[in-house]
Amino acid sequence: MTLDRLLSAPVAFLIAIGSFVVAGLAAVGRLAKFMGTALGRLARPPYYPARLFEQMLVIGYFSLPVVGLTALFTGAALAQQIFVGGSRFNAESTVPAVTVIAIVRELGPVLAGLMVAGRVSSAMAAELGTMRVTEQIDALTTLRTDPFQYLIGPRLIAATVTLPFLVLVANVIGVLGGYAIATARLGFNGANYLAITRRYLEWDDVASSLVKAAVFGFVVALMGCYHGFHSSGGAAGVGKATTNAVVSAFILILLSNLIITVIVFGS
Amino acid sequence: MTAKIELARVSKRFGRKTVLDGVDLKVEPGESVVIIGGSGTGKSVTLKCILGLMQADAGTIRVDGQDVTHLKGRALAAHRAKFGMLFQGGALFDSLPVWRNVVFALTQGRWATGSLRGLAIDLLARVGLGPEVADLRPAELSGGMQKRVALARAIAAKPEIIFFDEPTTGLDPIRADVINDLIVELVRDLGVTALTITHDMASARKIADRVAMLHAGRIVWDGPRDLIYDSGNAYVDQFVNGRAHGPIDTGVGNG
Ligand SMILES: Nc1ncnc2c1ncn2[C@@H]1O[C@H](COP(=O)(O)OP(=O)(O)OP(=O)(O)O)[C@@H](O)[C@H]1O
Ligand SMILES: [Mg+2]
């Protein structure tokens, strides 16, 4: 009896690991299939320009305040820290150059991506999830409107094209945040600060920033739509879908950021 | 004559739970059939299988003689074009105003012009709703009003076959009778084939040509409307008379 249990414990453990791995693979497969279907139907008519415009407004315009404020505060705090750190080896003058590089390459896109994920992935998951559990998606299908084309396509396109604009704004405001604190408190000359900023900013930095933004936008919409579309089990199920959408969007944004950074700047 | 809808030994499971276990049902063109049966016996699931919103695990479903059990893509879309469906919960699109909901089968989400708004108002009038609701959002309506808007949406494209999932639930008796009359009119005057789920026996008596009872995954009785109180079937007897005790296990200490 005891021996039996001793022997069966590792087996049960292996089975648990196995089923965990299988479930994980199945989830990845489901996501890949979902993405394939969504992309495959993007190009095909009918198109819904009104839906696209509406989503661009919701994602882009209404995210401006939160993204702008995040960039402003972070840019200012960053400049202050670089100043303090730099002063240990008489490198205070690096503040404008390091700030602009850090903002444009990393913090602008990542912070904008995360803020938009918090706002938009959750909203998409909640809306599509509610539509799923109240049978609105079934109704849409019965009325011969493809939910991939009507609901998901406009969201994916809107997020992917809108986030680069948001990130541009975040980059500019982040640099201005650093400029503000540097000229107000750290004794920098304004014209000088901006001149150094311009000199150290390269096109590659801006390009990588925008590529990241587009990828993050796609991730945000994909996670929101995927979790919402597959939600089940009433209000609790929609709540779970919303949480999963935000958490998975956060993780995928940070992971894809690392991958792009290594590819672009690693060599 | 080929049946409009024909289900043969249709089964549907969810995990380990068998909901439909060999359903046989025939609906002739222009006929109005009512399905009755206890809560959770799979009436709504039956309709969703016919519409291809769910896949039957076994059996065949034919519409106009064509096997539609495993249709995909364009063929499935063409199949669905024959149907109007009133969902049990209404399933109105809450991001759109009422009138855009009503004509959705015609616009399919594309931008609609003013003439369709007029059509929507006509359709709303047929289900007893005034033009003042046209610009409201579904969330601003009562449950019964939502049901009627959903009904207007289901009939908007003049489908050949209409499924009504509990059309009169949540309506007062007068409004319910307006809906009964509408269904009778659709079937009699426009030749629509109707399949209705209801728990409302007054409504069933008024709209049905034939009644089928679903119990334990099968159609246990199927006969003309005039026989439902005289069916000789213990399940039907218990159901239509609304008795807690009988062969149907209600889970409250059967005798
Ligand atoms: N998507 C689903 N996933 C899992 N189980 C489901 C699903 N849809 C329905 N079921 C189960 O199938 C059974 C039948 O559901 P259905 O909605 O068809 O009942 P019904 O006969 O319409 O009942 P009611 O009269 O209360 O509407 C229920 O027990 C339900 O739990
Ligand atoms: Mg039902």
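Quick look at the structure, then. (Residues numbered from 1 in each chain as written. Chains lettered and ligands numbered in written order. Predicted model: local features only at pLDDT ≥ 70, side-chain atom pairs only at ≥ 80, totals over all residues.)

Looking only at helices and strands, one finds nine helices and ten strands in chain B. In terms of overall size, chain B behaves like a compact globule, its C-alpha atoms giving a radius of gyration of 18 Å where 255 residues would be expected to give roughly 18 Å. In terms of principal-axis extent, the alpha carbons of chain B reach across some 60 × 40 × 35 Å. Counting only residues that meet the buried cut, chain B has 43% of its 255 residues in that class. Pairs at least 24 residues apart make up 62% of the contacts formed inside chain B by residues separated by at least 6 positions. (Helix = DSSP H or I, 4+ residues; strand = E, 2+ residues; numbered from the N terminus. Rg over C-alpha atoms; globule rule 2.2 N^0.38 Å. Buried ≥ 20, exposed ≤ 12 C-beta atoms within 10 Å, placed from the backbone. Contact = placed C-beta atoms within 7 Å.)

What follows is about the pairing of strand β1 (residues 5–14) of chain B. Residue and element names in this part refer to chain B. In this structure, β1 lies alongside strand β2 (residues 17–27), joined through eight bridges in antiparallel fashion. If you follow I5 over to β2, its bridge partner there is V27. From the end of β1 to the start of β2, which pair antiparallel, there are two residues, and G15 there has a positive phi angle of about 60°. By the bridge criterion, five bridges tie β1 to strand β4 (residues 58–63) in an arrangement that is antiparallel. Across the sheet, the residue bridging to I5 is V63, located in β4. (Pairing = 2+ DSSP bridges.)

This paragraph deals with helix α2 (residues 49–59) of chain A. Residue and element names in this part refer to chain A. Listing the buried residues of α2 in full gives R51, Q55 and I59. Down the axis of α2, the buried side of the element spans an arc of 60°, and every buried residue falls inside it. Exposed residues on α2 whose side chains face more than 90 degrees from its buried face are P49, A50, F53 and L57. Each element contacted by the buried residues of α2 is listed here: α4 (95–133) and α6 (147–184). (Arc of directions from axis to C-beta.)

Quick look at unusual backbone geometry now. A cis amide bond links A:P45 with the next residue in sequence, A:P46, at an omega value of 5°. Here A:P46 lies in the loop between α1 (2–42) and α2. Despite not being glycine, B:D64 shows a phi value in the positive range, around 55°. Within the secondary structure, B:D64 sits in the loop between β4 and β5 (66–67). When the 15 C-beta atoms within 10 Å are taken as the criterion, B:D64 is described as partly exposed. Residue B:Q108 is not a glycine yet carries a positive backbone phi of 50°.

All names here are of chain B. Taken together, six strands build an open sheet; the order of strands is β6-β7-β8-β3-β9-β10 and the sheet is mixed. The strands lining the two open edges of the sheet, one partner per strand, are β6 (83–86) and β10 (218–224). Strand-to-strand, the axes of this sheet are offset by a mean angle of 15°, without reference to chain direction. Pairing analysis gives six bridges linking strand β9 (residues 210–215) to β10, with the strands arranged antiparallel. Within β10, the position partnered with A212 by the bridge is D222. Contacts from helix α7 (residues 173–190) reach β3 (32–36), β7 (161–165) and β8 (193–197) within the one sheet, and its direction differs from that of β8 by about 155°. (Axes fitted to C-alpha atoms, helices over the stretch in contact; angles between N-to-C directions.)

Attention now goes to the interface of chain B and chain A. On the chain A side, the residues contacting the 17 residues of chain B number 14 residues. Listing elements by their share of the side of chain B that touches chain A, those giving two or more residues are α2 (73–80), β6 and α4 (104–107) of chain B.

What follows is about the nonpolar core. By size, the foremost hydrophobic cluster in this structure holds 141 residues, and its most contacted members are A:V220 and B:V102. No other element matches the 17 residues that α4(A) contributes to this core. When residues of this core are assigned to domains, at least three map to each of domain 1 (5–82 + 159–240) and domain 2 (92–158) of chain B. Those residues within four positions of A:V220 in sequence are excluded, and the remaining contacts are A:G113, A:V116, A:A117, A:V120, A:S121, A:A159 and A:A249. (Core = buried A, V, L, I, M, F, W, Y, C linked by C-beta atoms within 7 Å. Domains from an automatic or database assignment.)

Here we take up the site of ligand 1. All names here are of chain B. Surrounding ligand 1, one finds F14, V19, G37, S39, G40, T41, G42, K43, S44, V45 and Q88. Tallying contributions element by element places helix α1 (residues 43–51) first for the shell around ligand 1, with three residues. Grouping the constituent residues of the shell around ligand 1 by class yields three nonpolar, seven polar and one charged. (Near = placed C-beta within 6 Å. Nonpolar A, V, L, I, M, F, W, Y, C, P; charged D, E, K, R; others polar.)

Take the environment of B:I228 next. Looking at where B:I228 falls in the secondary structure, it is placed in the loop between β10 and α9 (234–240). Along the sequence, B:I228 and B:F93 sit 135 residues apart, while their C-alpha atoms lie 37 Å from each other.

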